[in-house]
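Summary of structural features
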Amino acid sequence: MGSNVATLDQASGLRRLTREHPIRVIAIASGKGGVGKTNISVNLATEFSRLGRRVMLMDGDMGLANVDVLLGIHPEYDLRHVISGERSLEEVIIDGPAGMQIIPGSSGAARMSQLSAAEQAGLIRAFSEISYPADILIVDTAAGITDNVTTFTKAAQEVIVVVCDEPASITDAYALIKVLSRDHGVKQFHVLANMTRNNAHGEELFAKIARVSDHFLSVRLEYLGALPFDEALRKAVQRQIPVVELFPRSKIALALRDVVKRIDKWPRPNGANGNVEFFVERLIELGHQGD
C-alpha cells in the first residue's frame, strides 16, 4: 500500500513538474546504421548539458545499445531489468558527461529488439516513476525501421533524421520518412547531414531527399545543418569522451554547437504535447493499439 501511494505521489509530482516546465522530446533516427547517429545523440546531449540544460539521454536501441560504449561507462542495470521488473527506471539511470542523465539500453539481448506492444507500453509507464526534472529528453533510436524505432519516433515531438553521402543511407532515410509519414502520421522531420565535405555538400544531400519527398510524400522537411568529417571525432571515440568536451574547438564540435543553437531556438513545447507525460501517454496509447 505504502509503495503504491509513493508511486502515485511521484507520478502526480511529475505531472505538475512537466506542466510547469515543458520538456522537449527529440528522437534521433537514421534508417541505415553506421551514419553516426549515436555519436550525434551523445554529443548533442553533452552540449545541451554544457549550456546548463537538464538533459536525459535514452539509449533506445533495445538490442545493440552502445551509448555506454561511446562514453566508457559500465551500467550495472539497463532497460532489460526494467522490462523484467527487477529494477525501476529511476534505478537504472546513471550520471553522464556534463551532468546529463543516461537511461542505458540493452546490448546482446536479441529479444529486447522485439518487444511486444504491451512490453513497450510497460517500459514507458515506468517514466511516471522518474522524479528527475529535465528540459530535454533525447532518444537515440536503433537503426532500421523496427517497431521499437517507429514507436519511439512517433511518440516524440521532434524527429531528427541523420543522413550521409551513401546511396544506402539516402534510400533508407527516405524509406524511414515514408513509413513514419504514411503509416504513423509523422509529418515533420529535421534532416541532419553527417560526414560532409562542406556546407554545400550537406545542402546537396538534403536536396536529394527533399526532391523525392516533395514529389511523393506529404511531409515537411527542414534542413538542420551539416556536420563535417573530422579526424577529431575518431580520436574522441577512441578515448570514449564526447568530442565537444575533448576537442571543443574542432570543426565537428563547432558544427555540433551550431546545431544545438538551432534546436534551442525551436518553439518551446507547450500544452498537452509539451512534456514527458505526453511521451508516456502517446507510447501507452500506441501500445494499446497493438494489444
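Structure first, text after, so check above.
Residues numbered from 1 in each chain as written. Predicted model: local features only at pLDDT ≥ 70, side-chain atom pairs only at ≥ 80, totals over all residues. Heavy atoms only, no water.

Counting across every chain of the model gives one aromatic pair. Taking the centre distance of 5.3 Å and the plane angle of 40 degrees together, the rings of Phe206 and Tyr223 count as tilted. With a gap of 17 residues between them, Phe206 in helix α9 (residues 199-216) and Tyr223 in strand β8 (residues 220-228) connect regions that are remote in the sequence. For Phe206, a relative accessible area of 16% translates into the label buried. Classification of Tyr223 as partly exposed rests on a relative accessible area of 29%. Note that Arg87 overlies the ring of Tyr77, its terminal NZ or CZ placed 4.2 Å from the centroid. (Phe/Tyr/Trp six-rings, centres within 6.5 Å; stacked < 30°, edge-to-face > 60°. Helix = DSSP H or I, 4+ residues; strand = E, 2+ residues; numbered from the N terminus. Buried < 20%, exposed > 50% of the residue type's maximum accessible area, 1.4 Å probe, protein only. Lys NZ or Arg CZ within 6 Å of the ring centre and 35° of its normal.)

All right, on to the packing of helix α8 (residues 167-184) against α9 then. Direction vectors running N to C along α8 and α9 enclose 35 degrees, while the axes themselves pass 10 Å from each other. Seen from above, α8 lies across α9 with right-handed handedness. Judged by residue contacts, Ile170, Ala173, Tyr174, Ile177 and Arg182 of α8 engage Leu205, Lys208, Ile209, Val212, Ser213 and Phe216 from α9. Of the residues assigned to the contact of α8 with α9, the class counts are eight nonpolar, one polar and two charged. (Axes fitted to C-alpha atoms, helices over the stretch in contact; angles between N-to-C directions. Left-handed = near helix turned anticlockwise from the far one by under 90°. Contact = heavy atoms within 4.5 Å. Nonpolar A, V, L, I, M, F, W, Y, C, P; charged D, E, K, R; others polar.)

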